[in-house]
Each structure stands twice: as C-alpha cells, then as structure tokens.
Amino acid sequence: MTSTTSSAQPRKQENGGDSAVVPLPWAARIREAGLRVTKPRLAVLDALERNQHATADEVLAVVRTVMPGITVQSIYVVLHSLTKAGLLRQLDLANSPSRYETRVDDNHHHAVCTVCGRIEDVACAVGHAPCLVPSEAHGMNIHVADVVYQGVCPECSVVKAANTVRT
Ligand SMILES: [Zn+2]
Ligand SMILES: [Zn+2]
Ligand SMILES: [Zn+2]
C-alpha cells in the first residue's frame, strides 16, 4: 500500500476494466449505504477523514468548529449509524474509549505504543478477514481475527533509554 492515508477512501471503479481508483464523495457513499445525507453525518465523516482513530470526544471537538450547537449524544448517534452502515470502522483498544476511522475495506491492523498511546495503521499481509487460521474453531464460523500489535514507538524508546541512563 503506497497511497497516502490522508486522502478519501479510494474505491475501485465498478464498471470499466481498468484499475483506476476514484474517491467517491461522502454524500454519494452515504446514499449508497442506504442512509439519508445529513449535515452531521457529512461533518463526522469529514472530521474522521482528517483525524483517523479519533474518539467521540475528539470528533465532537472538530465537528463543533462547523456546527457549534451539536451535542455529544448526536455525535454518538451518527457514529453508531455510520459504523452500522459500514462507512466507519470502530476500534476498541484496551484502556481506551472507542475510536473510529474511515478506512474500512482492507482489514488493516493497528500498532499501538504502550507508552504514549500512538496508533498506526499496519496493512494486513493477507488483506481480508480472518487473516489468521485458528488452531481450534470450536465449531464456530470465524469471521475476523482481531490483531493489535503492541510495542514502544521510536520517540518513547529514546525517552526510555535516556531515563535508564539517568537512574
Ligand atoms: Zn510512544
Ligand atoms: Zn486504522
Ligand atoms: Zn492480517
């Protein structure tokens, strides 16, 4: 995956055999998902497109810059409906409120720094779910393997090394 993460979710053209990737406008994608296009939905998608892995509170802060009267309850309702419609992916990490992102189609994983909480996308080597074969499925039809890589980011590694020297 070489494309930048800041652009709109690219989408392969349905008709036409070439592999041209065109970002569909959010209004069209909302309609395609069977939802009504509303200002809060557009504002939430726009906020998350520019701030991936944001919490509801962080989304609220961004949306309030364009819709000052919007409530946190409205944000939760919009996040829920967009997630249910498949336009957002909800990310539940340990010790963190739910986070949301617009990159939904690629079964990508996350690398989390256990010191500062930084979250980075990690492309799935397989590209579809589930990308791990369970040793025992217990008769279940397995849909997804939730993979979270935990570690220490380069910046925190430097700080940690410096502290170790001092003590
Ligand atoms: Zn860190
Ligand atoms: Zn992500
Ligand atoms: Zn994977």
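Criteria and cut-off values
Residues numbered from 1 in each chain as written. Chains lettered and ligands numbered in written order. Predicted model: local features only at pLDDT ≥ 70, side-chain atom pairs only at ≥ 80, totals over all residues. pLDDT = per-residue confidence, 0-100. Contact = placed C-beta atoms within 7 Å. Pairing = 2+ DSSP bridges. Helix = DSSP H or I, 4+ residues; strand = E, 2+ residues; numbered from the N terminus. Axes fitted to C-alpha atoms, helices over the stretch in contact; angles between N-to-C directions. Parallel < 35°, antiparallel > 145°, perpendicular 65-115°, else oblique. Nonpolar A, V, L, I, M, F, W, Y, C, P; charged D, E, K, R; others polar. Core = buried A, V, L, I, M, F, W, Y, C linked by C-beta atoms within 7 Å. Buried ≥ 20, exposed ≤ 12 C-beta atoms within 10 Å, placed from the backbone. Left-handed = near helix turned anticlockwise from the far one by under 90°.

1. Here's the deal with the confidence of the model for the protein
Across the protein, the average pLDDT comes to 87, with 84% of residues at or above 70. Note that residues 1-18 has pLDDT below 50 and, in this model, 22 contacts with residues that lie over four places away or in other chains.

2. As for the sheet that holds strand E3 (residues 99-101)
Spatially, three strands are ordered E1-E3-E2 in an open sheet, and the strand pairing comes out antiparallel. Both outer strands of the open sheet, strand E1 (54-55) and strand E2 (89-91), are each paired with one neighbouring strand and no more. Inspection of the sheet shows E1 paired to E3 by two bridges, in the antiparallel sense. Residue pairing for E3: Thr 55 is matched across the bridge by Arg 99.

3. Structural notes on the packing of helix H2 (residues 39-50) against helix H3 (residues 56-63)
Running from N to C, H2 and H3 point in directions that differ by 110°, and their axes come no closer than 9 Å. Judged by the inter-axis angle, H2 sits roughly perpendicular to H3. Judged by residue contacts, Ala 43, Val 44, Ala 47 and Leu 48 of H2 engage Val 59, Val 62 and Val 63 from H3. Within the contact of H2 with H3, the residues separate by chemical class into seven nonpolar, no polar and no charged.

4. Quick notes on the nonpolar core
Judged by nonpolar contacts, the single largest core of 18 residues is most densely connected at Val 44, Leu 48, Val 59 and Leu 79. Contributions of two or more residues to this core are made by helix H1 (26-32), H2, H3 and helix H4 (72-84). It is H2 that contributes the most residues to this core, five residues altogether. Setting aside residues up to four positions removed in sequence, Leu 48 forms contacts with Ala 54, Val 59, Leu 88, Tyr 100, Glu 101 and Thr 102.

5. A look at the sheet that holds strand E5 (residues 119-122)
What the three strands build is an open sheet, ordered E5-E4-E6; its pairing is mixed. The sheet is open, and its two edges are formed by E5 and strand E6 (148-151), each paired on a single side. Here the average twist between neighbouring strands, direction ignored, is 25°. Direction of pairing for strand E4 (residues 109-113) relative to E5: antiparallel, over a ladder of four bridges. Residue Val 112 lies in a different strand from E5, and its bridge partner there is Ile 119.

6. Here we look at unusual backbone geometry
A cis geometry characterises the amide bond from Ala 129 onward to Pro 130, with omega recorded as -15°. Note that Pro 130 resides in the loop between E5 and E6. Phi at His 53 is positive, roughly 65°, even though this residue is not glycine.

7. Describing the packing of H3 against H4
Where H3 contacts H4, the two axes come as close as 10 Å, and the packing angle between them is 110°. In this view, H3 runs roughly perpendicular relative to H4, as classed from their interaxial angle. For the pair H3 and H4, the sense of crossing is right-handed. Of H4, the residues touching H3 (which contributes Ala 56, Val 59, Leu 60 and Val 63) are Val 72, Ile 75, Tyr 76 and Leu 79. The residue makeup of the contact of H3 with H4, split by class, is eight nonpolar, no polar and no charged.

8. Quick word on the environment of Gln 150
The topology assignment puts Gln 150 in strand E6. We classify Gln 150 as exposed; it has 11 C-beta atoms within 10 Å. In sequence terms Gln 150 and Ile 119 are 31 residues apart; their C-alpha atoms lie 9.5 Å from each other. Other than its neighbours up to four places away in sequence, Gln 150 contacts Val 112 and Thr 114.

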